[in-house]
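Per-entry structural report
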Amino acid sequence: RERVRNVLITTGGGDPCFAAAGFLDAFLKPTGQEELDSMIFHVVSGPVNRFAGKLRTGYGNHTRVVIHENVKDMKGLMCECDVVLTAAGSTVYEVCALGVPMICFYFVENQRRGAECLAERTEIVNAGDYSLAGQETIERVCAELSLQAHDRARRESLSEQEKGLVDGHGAGRIAEALEAL
């Protein structure tokens, strides 16, 4: 799309550090830049999010925040958005297959290597470990979101790089390999 209008924030099933609030607080501060100040933030609240009530109470009535719970069509939601901010779990594969420009971060050690590999093989920004350096992670995400908001060519390049990582046929290849055994 020509401009970034909708941003998806997904923090995994539980959001153990309530990163959604940290990101939203930063994103909702006025910047004086119309493009940034008019973005709509779609937040997926996962099935074991212990902060779901706080998320609804704190942001549910904000005109630029849409909270999604019990999402049945994640692909459709991702495709409606122009950028995805995601924890570096299995969601990154879905985002890559769809080619939606992405920014990633992580909470736990088992996500670290995935985030690092994405950053090594593409221009996807690994914003870092939210659990250890929340403010620095937020600052990196804000900087990258601002870049993507103003640079359609960057978003197009990220989309192509992501689609080159995941083609959606991995399950078939795994099944063929298992059959060959």
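The rules we used
Residues numbered from 1 in each chain as written. Predicted model: local features only at pLDDT ≥ 70, side-chain atom pairs only at ≥ 80, totals over all residues. Heavy atoms only, no water. Helix = DSSP H or I, 4+ residues; strand = E, 2+ residues; numbered from the N terminus. Rg over C-alpha atoms; globule rule 2.2 N^0.38 Å. Buried < 20%, exposed > 50% of the residue type's maximum accessible area, 1.4 Å probe, protein only. Contact = heavy atoms within 4.5 Å. Areas by Shrake-Rupley, 256 points an atom, 1.4 Å probe, with all protein chains shown as cover. Pairing = 2+ DSSP bridges. Axes fitted to C-alpha atoms, helices over the stretch in contact; angles between N-to-C directions. Phe/Tyr/Trp six-rings, centres within 6.5 Å; stacked < 30°, edge-to-face > 60°. Lys, Arg positive; Asp, Glu negative; His and termini not counted. Salt bridge = Lys/Arg side-chain N within 4 Å of Asp/Glu carboxyl O. Polar contact = N/O pair within 3.5 Å; in protein donor to acceptor, adjacent residues only side chain to side chain.

Turning to the overall build of the protein, a few remarks are in order. Broken down by element type, the protein carries nine helices and six strands. Taken against the 2.2 N^0.38 rule, which gives 16 Å for 181 residues, the C-alpha radius of gyration of the protein at 16 Å falls within 12% of a compact globule. With the C-alpha coordinates aligned to their principal axes, the bounding extent of the protein is approximately 55 × 35 × 30 Å. Put simply, the protein has 181 residues, and 49% of those count as buried. Taking as baseline every contact in the protein between residues at least 6 positions apart, the subset at least 24 positions apart corresponds to 64%. Total accessible area on the protein is roughly 9,300 Å²; 52% of this is exposed by carbon and sulfur atoms.

All right, on to the sheet that holds strand β3 (residues 65-69) then. Sheet architecture is open: six strands sit in the order β3-β2-β1-β4-β5-β6, paired in parallel fashion. Looking at strand neighbours, the two that pair on one side only are β3 and β6 (125-129), the edges of this open sheet. When the angles between neighbouring strand axes are averaged without regard to direction, this sheet yields 20°. Packed onto the sheet, helix α3 (residues 52-59) meets β2 (40-45) and β3 and runs at close to 155° relative to β3.

What follows deals with helix α1 (residues 19-27). Burial runs high along α1: eight of the nine residues are buried. Buried within α1 are the following residues: A19, A20, A21, G22, F23, L24, A26 and F27.

Another point: the packing of aromatic side chains. Taken as a whole and assessed by the stated rule, the structure comprises eight aromatic pairs. Measuring from ring centre to ring centre gives 6.1 Å for F23 and F27, while their planes differ by 15°; the resulting arrangement is stacked. Residue F23 and its partner F27 are located together in helix α1, separated by four residues, close to a single helical turn. Of the two residues, F23 and F27, neither departs from the other in class, the shared state being buried. Assessed through its relative accessible area of 0%, F23 is described here as buried.

This brings us to the side chain of E162. Along the chain, E162 turns up in helix α8 (residues 152-165). Of the side chains with opposite charge, K163 comes closest to the buried, unpaired E162, at an N-O distance of 8.6 Å. From its side chain, E162 meets the backbone nitrogen of M102 in a polar contact 3.0 Å long. Among residues more than four places away in sequence, those in contact with E162 are V95, C96, G99, V100, P101, M102 and I124.

Let us look at the pattern of salt bridges. Under the counting rule described, the total for this entry stands at eleven salt bridges. Between E69 and R56 there is a salt bridge whose closest N-O contact spans 2.6 Å. Taken as a pair, E69 in strand β3 and R56 in helix α3 lie far apart in primary sequence, 13 residues in all. When the shortest N-O distance is used, the salt bridge between K163 and E160 registers 3.3 Å.

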